[in-house]
There are 2 protein chains.
Amino acid sequence: MQLRRHDVLAGAITILDEYGLADLTMRRLASSLGVQPGALYWHFPNKQTLLAAITDEILTEAATPPTLMPPTPMPSTPMPHSSTADNAAWDVALAALARRMRDALLSHRDGAEVASASYAARLASDAPQEALAAACIDGGMPPHEAGMAARALFSYILGQTMDEQSRMQMDSHGALEESASPLFESPTAGEGFEFGLGLFIGGVRALPTARDLQLP
Amino acid sequence: MQLRRHDVLAGAITILDEYGLADLTMRRLASSLGVQPGALYWHFPNKQTLLAAITDEILTEAATPPTLMPPTPMPSTPMPHSSTADNAAWDVALAALARRMRDALLSHRDGAEVASASYAARLASDAPQEALAAACIDGGMPPHEAGMAARALFSYILGQTMDEQSRMQMDSHGALEESASPLFESPTAGEGFEFGLGLFIGGVRALPTARDLQLP
DNA sequence: ACCTGAACACCGTTCAAGT
DNA sequence: ACCTGAACACCGTTCAAGT
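The rules we used
- Residues numbered from 1 in each chain as written.
- Chains lettered and ligands numbered in written order.
- Predicted model: local features only at pLDDT ≥ 70, side-chain atom pairs only at ≥ 80, totals over all residues.
- Heavy atoms only, no water.
- 1 Å grid on protein atoms, 1.4 Å probe; cavity = no way out; pocket = protein on both sides within 12 Å on 5 of 7 lines; lining within 4 Å.
- Points joined across faces, edges and corners; volume = space filled by probe spheres on them.
- Helix = DSSP H or I, 4+ residues; strand = E, 2+ residues; numbered from the N terminus.
- Nonpolar A, V, L, I, M, F, W, Y, C, P; charged D, E, K, R; others polar.
- Near = heavy atom within 4 Å.
- Polar contact = N/O pair within 3.5 Å; in protein donor to acceptor, adjacent residues only side chain to side chain.
- Least-squares fit on C-alpha atoms with pLDDT ≥ 70 in both.
- Contact = heavy atoms within 4.5 Å.
- Salt bridge = Lys/Arg side-chain N within 4 Å of Asp/Glu carboxyl O.
- Buried < 20%, exposed > 50% of the residue type's maximum accessible area, 1.4 Å probe, protein only.

(A) How the structure looks around empty space enclosed by the protein. Per the stated rule, a full pass over the model turns up two cavities of 30 Å³ or more. Put simply, the largest cavity is a space of about 340 Å³. Taken together, 24 residues form the lining of the largest cavity, with Ser 116, Leu 158 and Gly 159 of chain A together with Ser 116 and Gly 159 of chain B sitting closest to its centre. For the lining of the largest cavity, the secondary-structure elements that each account for two or more residues are helix 6 (111-120) and helix 8 (143-172) of chain A together with helix 6 (111-120) and helix 8 (143-172) of chain B. Considering only residue class, the lining of the largest cavity consists of 10 nonpolar, nine polar and five charged. Roughly 60 Å³ of internal volume is contained in the second largest cavity.

In structure tokens:
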């Protein structure tokens, strides 16, 4: 049976989920696929690129909602409120997108760390940021600002989720802590993310006002 | 001449600035200090801890402003507006703190990446987040929310700065790009950071209002 | 086209033994 | 207390040669 690019990717994700990023080595991946290490380099030029492919696999689906198959168009029933071109619930859509990305990262061990490394190496797809930017544009933001807002929100999603995930790993791996100054009370799972997301969206909502004011 | 912990740290930062994180190996650091690799392990238990010490060195100073030596107390001149206990310019202070942290990270090659790794490993000091939280409390936020806001803002600072820094490195290392979809127009240096910071602070400012509304 | 065999040039970490 | 010498157990990557 010949090895296909997709098999390498799937094998890598399996090792990631089961043993974590530290144990995801090219040699270990090769032996789990019953192949010599060098064989992997026919399918991927290097490890960084393989990690970026994992990142895309994890996030790209979250960035493109299932297109919500219009539930078999019932031509007789007129949709209420569906005629306005401008999406009134842009904030709901933006928040939903952000949560989908967080969930996708959390659904794989060390997912946020892998993604962070891939984006730092500038090898992963910009689809997630573009999806966020599109939601901002739906909210009436000019494209340039939407791009910046999307990048800012995505930075937050990656960083915050990485933080949560490393906290999880520390907790499961024999937690002791609650030491000296635990930065006040640690928020429960997801509370911190939701709070930061709320701040961000509140900031976007306040933007038209802020433009007249003086930003600090 | 005996090696001291501080010398190891200084040597590591020198290699980081000159050659980058990829070239900062324990063996290379040892030979630059004229010592065997094993010697480093008397001063630091492992490489991760050394990297965390670098992170603290880079960020702790930025988190604790120079205390603004009260310019030789002139007891005769009464300070105008200085009697209010509540800091009215909390947003200015918060933004200034965030900028100091960004600047500190940018002042060392791969600084944001080193910090990101250290915080992911949960080995770096929480002083930066605590400083941000204190500024939020000065703005009237309850401690629990201030902690969450500080974590969120710090995640943003780390992520966005890492993004900028990796972009810089790509630009200097033979930039081609401006390819297919450059996520609209790339912001000029610092513009992206300021915009996201403005969103975040706008969100904090809008918090009391938002608490009555329904967050999405 | 896809993979093996085998090497190259490294890593981080440990630890007895020295001074 | 601080470091050497030397090893252990790995890495990612390359590349002629095979099929």
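Let's pick the thread back up.
(B) Region of the structure containing the protein's contact with DNA strand D. Within the structure, DNA strand D sits among 16 residues, and Arg 27 and Tyr 41 of chain A together with Leu 3, Trp 42 and His 43 of chain B are positioned closest to it. Sugar and phosphate atoms form 64% of the subset of DNA strand D atoms that lie within 4 Å of the protein. In this structure, a base nitrogen belonging to DNA strand D sits 2.7 Å away from a side-chain N or O atom of Arg 27 of chain A. His 43 of chain B has a polar side-chain atom sitting 2.7 Å from a phosphate oxygen of DNA strand D.

(C) Spotlight on the protein's contact with DNA strand C. For DNA strand C, the set of nearby residues contains 16 residues, the closest of which are Leu 3, Trp 42 and His 43 of chain A together with Arg 27 and Tyr 41 of chain B. Close to the protein, within 4 Å, the atoms of DNA strand C are drawn from sugar and phosphate at a rate of 63%. The separation between a phosphate oxygen of DNA strand C and a polar main-chain atom of Leu 3 of chain A is 2.7 Å. When residues of the surface near DNA strand C are traced back to their parent elements, those giving at least two are helix 3 (37-43) of chain A together with helix 2 (26-32) and helix 3 (37-43) of chain B. For the surface near DNA strand C, the leading source of residues is helix 3 of chain A, giving four residues. In terms of residue class, the surface near DNA strand C is built from six nonpolar, seven polar and three charged.

(D) Quick peek at the layout of surface pockets. What the largest pocket holds in volume is close to 1,700 Å³. Every residue lining the largest pocket is counted, 48 residues in all, and those nearest its centre are Leu 21, Glu 113 and Ala 117 of chain A together with Glu 113 and Ala 117 of chain B. Those elements that place two or more of their residues in the lining of the largest pocket are helix 4 (47-63), helix 6 and helix 8 of chain A together with helix 4 (47-63), helix 6 and helix 8 of chain B. A class-by-class count of the residues in the lining of the largest pocket yields 22 nonpolar, 16 polar and 10 charged.

(E) Quick look at the relation of the copies chain A and chain B. With an RMSD of 0.0 Å, chain A superimposes on chain B once it is rotated by 180° and translated 0.0 Å along the axis. Look at the turn and shift together and you get a two-fold axis relating the two. Looking at the rotation axis and the C-alpha trace of chain A, the residue lying nearest is Gly 203 of chain A, at 1.9 Å. Looking at chain A, 98% of its interface residues are interface residues in chain B too, so the copies touch through the same face.

(F) Local environment of the pattern of salt bridges. Residue and element names in this part refer to chain B. Scanning all chains against the criterion turns up 12 salt bridges over all chains. The closest approach of N and O atoms between Asp 23 and Arg 28, which form a salt bridge, is 3.7 Å. Judged by its relative accessible area of 32%, Asp 23 is partly exposed. With its nearest N and O atoms 2.4 Å apart, the salt bridge here joins Arg 167 to Asp 163. Remark: Asp 163 and Arg 167 occur in helix 8; sequence separation between them is four residues, near one turn of the helix. Overall, Asp 163 belongs to the buried group, its relative accessible area being 18%.

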